Amino acid sequence: MTSVSTRSMDFEEEARKARKCYMYGDYQKGISFYKSAIEKLRLFCQTLSNESEKKRGNECIAELNRELRLTEEHDRMIDDITENLLRKPRNGSDRAAGGDVDYDIDFGVPIHHAAVDERPTRDPGFNNRFAPQGATPFQQAPGRPQPVARDVRSANNDPRRRNAPSSASNNKQKQPDNKRVNNQPNNGEKKYQPVGAEKDLVEGLERDIVQKDPNVRWADVAGCTAAKKLLQEAVVLPRFMPDFFKGIRRPWKGILLFGPPGTGKTMLAKAVATECKTTFFNVAAANLTSKYHGEGEKLVRLLFEMAKFYAPSTVFIDEIDSLCSARGQSNEHEASRRAKSELLIQMDGVTGAVGGDDVSKMVMVLGATNHPWDLDDAMRRRLEKRIYIPLPDMETRQQLLEINLKEVQLHGDVDLNGIAQKLDGYSGSDITSVCRDAAMMQMRRATENLSMTQIQEQAQVLKEKLQLPTIMKDFEDAISKISSSVSKDMLEKYDKWMKDFGSV
Ligand SMILES: Nc1ncnc2c1ncn2[C@@H]1O[C@H](COP(=O)(O)OP(=O)(O)OP(=O)(O)O)[C@@H](O)[C@H]1O
């Protein structure tokens, strides 16, 4: 049972990634994920004995094949367009002002071909901005590759935006052309209005980056007391005490959260969005760079224009080092260099409170990274507060166990204190994995040596067995299988960077 279910999950994951890649225009990667999903689903179907399930599985394979063909077609099309554009003679309207300048291939499409950071990250899924709704084995695939449901927020139905600063004079100040921030009355609500070719990019940003209440509370984040306090000071208090946070006491404009992977940096950022009720822009740095000359730069500019328009806002840039690594390195892509410079310029334009000391117009940049030492000096300076989010201490590990196991029934022999001690050196996400694994042990024992048909036949008996509580041995087994994902060397590196550059 274990291996069968694992294969099914593998297929779901591959299909989900394939669709994400398609959405982001990364067709090459999408193609290989589709192929792998199809192969895995085919193997999974071979293990099935139920005819109707088999039939639905085959329907899904056919649908995935169709999506694969579509992706291949788009990939060919992009190649053709690129080739044609590059072959054009450099004269007439194609010649950029100033003579010998590179072609500006700008298809005006949203966030396509994002330069993906090659380093392994915890989540290959573009910063988790999609809800986990990839295809399930027998869920009918949609008619064409569709974006899976995400935190899409229409500016028109978000109450925060209704209160967004909207005075025409203010908008004029920010945007001389005044068209960009034209407030179109729509049931009395204000909406950022892009002009011309930027429409697609703005729609892409609204769809992918503006995040509605991510529903993470301070209490959901174990430990991180110093970070929580500072974030509250930086974002929450200025809203309640605007008169105090002025002049030299103006709110921080940039905060960096750094530390080992899986320690709660993203959760903290989400808690800021939920608790502070600022408009939340959740950006994966890789999505701000583009292989198309100029597009990343434009995206950064639009992102900040929108953040100012919908202020107070928090712009969360995950893996910020991948966009703001030390400049001038030989492997630095021109497009990403320009996007990075634009980001620095934009950050200078937000001074904690945009437009003087009015905190209702505050835009705060919150960066997160696992590689703080890769950060550009200029960006480091702009992220005025640099907070280390370390591995959880004993107390935090106990809290993490309680948070993770609140819905799991535990046997009397389970000693959470003892487990927390054994988990010294584990990150928050490692601890979550241990809890999940332990909580699954009962199911594994109950279904061991049973075929799928037997599982279906004995569903009622199994249901009772699955009610049995998780025992101490389940945790011991899980801990022996899952090791800490952070090495001692890395921890020393973080400590050193904290000593050199930390600021709390
Ligand atoms: N302090 C914490 N409190 C509660 N859960 C945590 C905490 N730290 C980690 N987790 C668990 O680990 C998962 C990953 O956490 P999160 O994405 O916030 O880590 P991160 O530091 O942003 O990682 P990365 O640097 O790899 O992006 C969470 O979904 C949660 O289950």
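Residues numbered from 1 in each chain as written. Predicted model: local features only at pLDDT ≥ 70, side-chain atom pairs only at ≥ 80, totals over all residues. Heavy atoms only, no water.

Relative to the helices and strands, Asp 430 resides in helix α14 (residues 428-447). At a separation of 2.9 Å, a polar atom in the side chain of Asp 430 contacts the main-chain amide nitrogen of Ser 485. If sequence neighbours within four positions are ignored, Asp 430 has contacts with Ile 482, Ser 483, Ser 484 and Ser 485. (Helix = DSSP H or I, 4+ residues; strand = E, 2+ residues; numbered from the N terminus. Polar contact = N/O pair within 3.5 Å; in protein donor to acceptor, adjacent residues only side chain to side chain. Contact = heavy atoms within 4.5 Å.)

Note on backbone geometry: most residues besides glycine have negative phi, and most peptide bonds are trans. Cis peptide bonds are those with omega within 30 degrees of zero, and the linkage from Ala 311 to Pro 312 qualifies with 5 degrees. Looking at the element boundaries, Pro 312 is found in the loop between α9 (295-309) and β4 (313-318). Residues other than glycine seldom take positive phi values, yet Cys 224 does so here, at roughly 50 degrees. By secondary structure assignment, the location of Cys 224 is in the loop between β1 (210-211) and α7 (225-240). We classify Cys 224 as buried; its relative accessible area is 17%. Here the phi dihedral of Glu 319 falls at roughly 50 degrees; this positive angle occurs in a residue that is not glycine. For Glu 319, the location among the structural elements is in the loop between β4 and α10 (334-349). (Buried < 20%, exposed > 50% of the residue type's maximum accessible area, 1.4 Å probe, protein only.)

Time to look at the pairing of β4. Counting buried positions along β4 yields six of six residues, so the element is predominantly enclosed. Across the two faces of β4 the burial is the same, with Ser 313, Val 315 and Ile 317 and Thr 314, Phe 316 and Asp 318 all buried. Where strand β3 (residues 279-284) meets β4, six bridges bridge the pair, whose relative direction is parallel. Within the sheet, the bridge partner assigned to Thr 279 lies in β4 and is Ser 313. (Pairing = 2+ DSSP bridges.)

Before going further, it helps to examine the packing of aromatic side chains. One pass over the structure, following the stated rule, counts eight aromatic pairs. Relative to Tyr 310, the ring of Phe 309 has its centre 4.9 Å away and its plane inclined at 75 degrees; by these criteria the two rings are edge-to-face. Phe 309 gets classed as buried once you look at its relative accessible area, which sits at 1%. Overall, Tyr 310 belongs to the buried group, its relative accessible area being 1%. Between Trp 497 and Phe 501 the ring centres are 5.2 Å apart and the planes differ by 45 degrees, which places this aromatic pair in the tilted class. Taken together, the residues Trp 497 and Phe 501, both in helix α18 (residues 488-501) and four residues apart, mark about one turn of the helix. Owing to a relative accessible area of 5%, Trp 497 belongs among the buried residues under this scheme. Looking at Phe 501, the relative accessible area reads 28%, which means it is partly exposed. Through successive ring pairs, a cluster of aromatic residues spans Phe 258, Trp 373, Tyr 388, Tyr 494, Trp 497 and Phe 501. Here the basic side chain of Arg 380 rests over the ring of Phe 501, its NZ or CZ set 3.8 Å away from the ring centre. (Phe/Tyr/Trp six-rings, centres within 6.5 Å; stacked < 30°, edge-to-face > 60°. Lys NZ or Arg CZ within 6 Å of the ring centre and 35° of its normal.)

Another aspect to go through is the environment of Met 379. Inspection of the secondary structure assignment puts Met 379 in helix α11 (residues 377-382). Taking the C-alpha atoms as reference points, Met 379 and Leu 323, separated by 56 residues in sequence, lie 10.0 Å from one another.

The angle between the axes and the distance between the axes are what describe a pair of packed helices. Interaxial distance between α14 and helix α17 (residues 472-481) falls to 8 Å at its minimum, and their mutual angle equals 120 degrees. When the interaxial angle is binned, α14 and α17 end up oblique. When the axes of α14 and α17 are compared, the crossing they make is right-handed. Contacts between α14 and α17 involve Val 434, Asp 437, Ala 438, Met 441, Arg 444 and Arg 445 on the former and, on the latter, Asp 474, Phe 475, Asp 477, Ala 478, Ile 479 and Lys 481. Of the residues that constitute the contact of α14 with α17, the class distribution is six nonpolar, no polar and six charged. (Axes fitted to C-alpha atoms, helices over the stretch in contact; angles between N-to-C directions. Parallel < 35°, antiparallel > 145°, perpendicular 65-115°, else oblique. Left-handed = near helix turned anticlockwise from the far one by under 90°. Nonpolar A, V, L, I, M, F, W, Y, C, P; charged D, E, K, R; others polar.)

Let us now look at the site of the ligand. Taken together, 16 residues are adjacent to the ligand, and Ala 222, Gly 262, Lys 265, Thr 266 and Asn 370 come closest. Here an oxygen atom of the ligand and a backbone polar atom of Gly 264 are 3.2 Å apart. Within the contact set of the ligand, an oxygen atom lies 2.5 Å away from a side-chain nitrogen or oxygen of Thr 266. Here the ligand has 630 Å² of accessible area as a free molecule, and 86% of this is covered by the chains. Within the residue set of the shell around the ligand, elements represented by two or more residues are α8 (265-276) and α14. Composition of the shell around the ligand by domain shows at least three residues from each of domain 2 (193-391) and domain 3 (394-485). (Near = heavy atom within 4 Å. Areas by Shrake-Rupley, 256 points an atom, 1.4 Å probe, with all protein chains shown as cover. Domains from an automatic or database assignment.)

The subject of this paragraph is the pattern of salt bridges. Tallied over the entire structure, the rule returns 16 salt bridges. Lys 496 serves as the salt-bridge partner of Asp 500, at 2.8 Å between the closest nitrogen and oxygen. One end of the pair, Asp 500, and the other, Lys 496, are both in helix α18, four residues apart, so they sit about a helical turn from each other. A residue is classified by how much of its surface remains accessible, and Asp 500, at 45% relative accessible area, is partly exposed. Classification of Lys 496 by relative accessible area gives exposed; the value is 52%. Residues participating in the shared-partner salt-bridge network are Asp 437, Arg 444 and Lys 481. (Salt bridge = Lys/Arg side-chain N within 4 Å of Asp/Glu carboxyl O.)

Turning our attention to the UniProt feature "binding site: ATP" (unreviewed entry) in the protein chain. Cross-referencing UniProt, the feature "binding site: ATP" (unreviewed entry) maps to Gly 259, Pro 260, Pro 261, Gly 262, Thr 263, Gly 264, Lys 265 and Thr 266 in the present numbering. With respect to the secondary-structure elements, Pro 261 resides in the loop between β2 (254-258) and α8. If sequence neighbours within four positions are ignored, Pro 261 has contacts with Asn 370, Ser 427 and Tyr 494. (UniProt positions renumbered as here; feature names shortened; annotations may be inferred.)

Let us now look at the pairing of strand β6 (residues 385-388). Neither face of β6 is left uncovered, since the one carrying Lys 385 and Ile 387 and the one carrying Arg 386 and Tyr 388 both have all their residues buried. For β2 and β6, the ladder comprises four bridges, and the chain directions are parallel. Residue pairing in the sheet places Phe 258 in a bridge with Tyr 388 of β6.

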